[in-house]
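# Chains, contacts and geometry: an overview
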Amino acid sequence: TPGAPSDFIRDIVAQHVAEKRYSKIVTRFPPEPNGYLHLGHARSICLNFGIARENDGQCNLRFDDTNPVKEDIEYVDAIVADIQWLIAGWADHCLGFKPKGAHPARITTDGRPDYLLAAVPPGPGTEAFFASDYFEQLFEYAVTLIEKGRAYVCDLTPEETDQYRGAPDQPGRDSPWRNRSVAENLDLFRRMRAGEFPNGARSLRAKIDMASPNVWLRDPLLYRIRHIPHHHAGDKWCIYPLYDYAHCLSDYLEGITHSFCSLEFVVHRPLYDWVLESLDLPRPLPHQYEFGKLLPSFTIMSKRNLLRLVQEKFVRGWDDPRLPTLTGLRRRGVTAASLRRFVIGTGVTTYQGIVDLALFEHVVRDDLNQSAIRRFGVLRPIKLVLTNLAADEVIECEAVNDPQSAAPSSRKMALTREVFIESDDFAEIPPPKYFRLKPGGEVRLKYACLIKCEEVVKDATGQLVELRCTADLTTRAGGPNADRKVKGTIHWVSATQAVDAEVRLYDRLFTVPEPASEPDFTTVLNPHSLEIVTAKLEPALATATPDERYQFERLGYFTVDAKDSQPGKLVFNRTLTLKDTSAK
Ligand code: ATP
Ligand code: MG
Ligand code: MG
């Protein structure tokens, strides 16, 4: 992965490094475990881990798990696996983990929890950071805010709270509960925690300014009551902190120096600072910086929308290779290196625009063109009989595996009396300038010899049965007529040696560039996003492995489906075609 070019965020960090403002640069990637990671998250991952990597720093994977309603342990596990895959060999040495079960020691005036001093490599006995591990500490901070007269327990219902907050262009109204005494607030807040009140009956709010032009500062909620167990914290809590309260303090507790988030949080930044500054904390405070989200065309990014595609079975699960999820892209054959190259190449900016998906596909093709092993496969086979070869005759041909390498290697392929060719490579009534096979015409079977189509055999219904051809063996490599040229060269596999495989051909999931701006994005799904064929593959592919990438010559890039493929029952995914064939 090439180094990232400079950008406004790197400029800020470089300045802080030059000033020696921090002893170590510490960033975090803070997913909420309510879905799988997607291409957009990759930008945030590469930014946060990239900054840590470039500055000998640390990047914590922290689950922002303060809202148990939509969260699940399945997502926690999947997110850890996806991140480890994406940063392996690149920034995994910057990944901050902690010993399993370690909960933060109380923060005293100058101390910091032991496990924050160093990143522990991930592995058995370690785990990621969880905001929910800080619930006890966050509760104490809330008590401090109450004691300082900066937070109060409010009895307005959620609907009333919205009404009092008002519209952005006019001031809101103070809650009737705003001037409760500190003693009463402390008592009620402790009783909220003790479970004395039902969901929504009370909340803890910051006392800021109901007239602020920034609605996020109109006494925002800090805690609400939710009688629901938590996937990580168990059933210990029935009050849960809100994002704006928990996030800045989690950053502080982990010693984060730079907290990067997407642009929609610009308006939350004053609140981020307000919470931290209100507490008179002893250590340096983290700061929030915002960048534009990555929004590729022809797909959707939000986890909520991806969840709908999964739940309503428009796709075959979160790891469906048509989805822009990291797990889907990996299954499709996209390498971690090309994903990183793409997101780093699109840069970080202060504006947000749609990025052409073709740009992503271009980067993936470029990478696969370098790494993929060349093989022959026929997706839609028609049979061709070489009438001048005996039934048991085998002619060995030498085929190149890696023409892109400095010292290419080769393999043997068997030319036999019966072979399969692509049905596309034959036209009974050829259009003008058709250089593939036609009645009476000649083509080269790549790495073998020229053949001539002598006869087209059909059944009673007019269906093509086979093509009967003659092979000119004098045109083989090293033969006297090896140099004889024809305009068409096609791929083929031996009918007696080929192996069958299910091949899944993917196309873009949506037919329009911005499906998310449709009233209902499920109405613009591409009905042809998945086509399944039974292909004939050269026998060398029988032992193909999911960590290898293949180019089926003339067809595209393919990979073994890690989930469904079995020995003797092969399944391949087409990552991409060789060229961009999408309508422009
Ligand atoms: P979604 O809307 O897809 O659910 P989210 O922002 O709610 O996204 P989080 O789990 O909170 O998802 O995201 C973790 C981090 O990834 C956040 O810092 C968020 O800003 C960042 N992020 C999410 N989507 C994108 C994107 N499309 N481009 C860049 N960063 C993103
Ligand atoms: Mg979020
Ligand atoms: Mg979200």
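Calculation rules
Residues numbered from 1 in each chain as written. Chains lettered and ligands numbered in written order. Predicted model: local features only at pLDDT ≥ 70, side-chain atom pairs only at ≥ 80, totals over all residues. UniProt positions renumbered as here; feature names shortened; annotations may be inferred. Helix = DSSP H or I, 4+ residues; strand = E, 2+ residues; numbered from the N terminus. Near = placed C-beta within 6 Å. Nonpolar A, V, L, I, M, F, W, Y, C, P; charged D, E, K, R; others polar. Axes fitted to C-alpha atoms, helices over the stretch in contact; angles between N-to-C directions. Parallel < 35°, antiparallel > 145°, perpendicular 65-115°, else oblique. Contact = placed C-beta atoms within 7 Å. pLDDT = per-residue confidence, 0-100. Left-handed = near helix turned anticlockwise from the far one by under 90°. Pairing = 2+ DSSP bridges. Domains from an automatic or database assignment. Core = buried A, V, L, I, M, F, W, Y, C linked by C-beta atoms within 7 Å. Buried ≥ 20, exposed ≤ 12 C-beta atoms within 10 Å, placed from the backbone.

The name given to the chain in an unreviewed UniProt entry is Glutamine--tRNA ligase, with the source organism recorded as Horticoccus luteus. Quoted verbatim from the Catalytic activity (unreviewed entry) field of the UniProt record, the comment on the chain reads "tRNA(Gln) + L-glutamine + ATP = L-glutaminyl-tRNA(Gln) + AMP + diphosphate".

Turning our attention to the UniProt feature "domain: tRNA synthetases class I (E and Q) anti-codon binding" (unreviewed entry) in the chain. The UniProt record annotates "domain: tRNA synthetases class I (E and Q) anti-codon binding" (unreviewed entry) at residues 489-561. Structurally, residues 489-561 is divided into 0% helix and 38% strand, and its ends, taken at the C-alpha atoms, are 29 Å apart.

A separate point is the site of ligand 1. Lining the immediate environment of ligand 1, one finds 16 residues, of which Pro31, Gly40, Ser262, Lys293 and Lys303 sit closest. Secondary-structure elements contributing two or more residues to the shell around ligand 1 are helix H2 (39-54) and strand S11 (258-262). Broken down by element, the residue count for the shell around ligand 1 peaks at 4 residues, all from H2. Split into classes, the residues belonging to the shell around ligand 1 amount to 6 nonpolar, 5 polar and 5 charged.

Once that is clear, we can look at the packing of H2 against helix H11 (residues 336-345). Two elements in contact, H2 and H11, have axes separated by 9 Å at closest approach and are oriented at 85°. By the angle class used here, H2 and H11 are roughly perpendicular. For the pair H2 and H11, the contacting residues are Ala42, Arg43, Cys46 and Gly50 in the first and Leu339, Arg340, Val343 and Ile344 in the second. Of the residues belonging to the contact of H2 with H11, the class tally is 5 nonpolar, 1 polar and 2 charged.

This brings us to the confidence of the model for the chain. Looking at the chain as a whole, the pLDDT averages 94, with 96% of positions reaching at least 70. Predicted complex metrics record ipTM = 0.97 and pTM = 0.94.

Interaxial distance between H11 and helix H12 (residues 357-371) falls to 9 Å at its minimum, and their mutual angle equals 140°. With respect to each other, H11 and H12 are oriented oblique. Note on packing geometry: the crossing formed by H11 with H12 is right-handed. Taken together, the residues of H12 that come into contact with H11 (itself represented by Ala337, Ser338, Arg341, Phe342 and Gly345) are Phe360, Val363, Val364 and Asp367. For the contact of H11 with H12, the class distribution of residues is 5 nonpolar, 2 polar and 2 charged.

Ordered in space as S7-S8-S9-S10, the 4 strands form an open sheet in which the pairing is antiparallel. Since the sheet does not close on itself, it has two edges, and those belong to strand S7 (151-154) and strand S10 (239-241), each with one partner. Each neighbouring strand pair of the sheet contributes to a mean axis angle of 20°, computed without reference to strand direction. Of the strand pairs in this sheet, strand S8 (residues 203-206) and strand S9 (residues 221-225) are connected by 3 bridges, and their pairing is antiparallel. For Leu204, the partnering residue across the bridge sits in S9 and is Tyr223. This element, helix H4 (residues 135-147), spans S7, S8, S9 and S10 of the sheet and lies at about 100° to S7.

Now for the domain arrangement of the chain. Taken domain by domain, the chain holds domain 1 (8-291), domain 2 (303-371 + 501-577) and domain 3 (381-496). Computed over C-alpha atoms, the centres of domain 1 and domain 3 are 64 Å apart.

Judged by nonpolar contacts, the single largest core of 132 residues is most densely connected at Ala142, Leu249 and Trp492. A per-element tally of this core places H2 first, with 8 residues. The contacts of Ala142, once residues within four sequence positions are left out, are Ala151, Phe189, Leu204, Leu222 and Tyr223.

Position of Val80 relative to the elements: it lies in helix H3 (residues 73-87). The sequence separation of Val80 and Asn34 amounts to 46 residues, and the corresponding C-alpha distance is 13 Å. For Val80, the residues in contact, after removing those within four places along its chain, are Leu61 and Ala128.

Time to look at unusual backbone geometry. A positive phi angle, close to 55°, is found at Lys20, a residue other than glycine. Of note in this structure, Phe298 is not a glycine but carries a positive phi near 60°. Mapped onto the elements of the fold, Phe298 is located in the loop between strand S13 (295-296) and helix H9 (303-311). Residue classification places Phe298 among the buried residues on the basis of 23 C-beta atoms within 10 Å.

A few words on the sheet that holds strand S22 (residues 450-458). Reading across the sheet, the 7 strands line up as S24-S21-S22-S23-S17-S20-S25 and stay open at both edges, with mixed pairing between neighbours. Single-partner strands in this sheet number two, and they are strand S24 (489-490) and strand S25 (493-494). Direction of pairing for strand S21 (residues 442-445) relative to S24: parallel, over a ladder of 2 bridges. In the sheet register, Arg444 faces S24, and the bridge partner there is Thr489.

Bringing the environment of Leu276 into the picture now. Looking at the secondary structure, you find Leu276 in helix H8 (residues 269-278). In this structure Leu276 comes out as partly exposed when scored by C-beta crowding, with 19 C-beta atoms within 10 Å. Residues contacting Leu276, with those up to four places away along its chain left out, are Cys248, Tyr252, Leu281 and Leu285.

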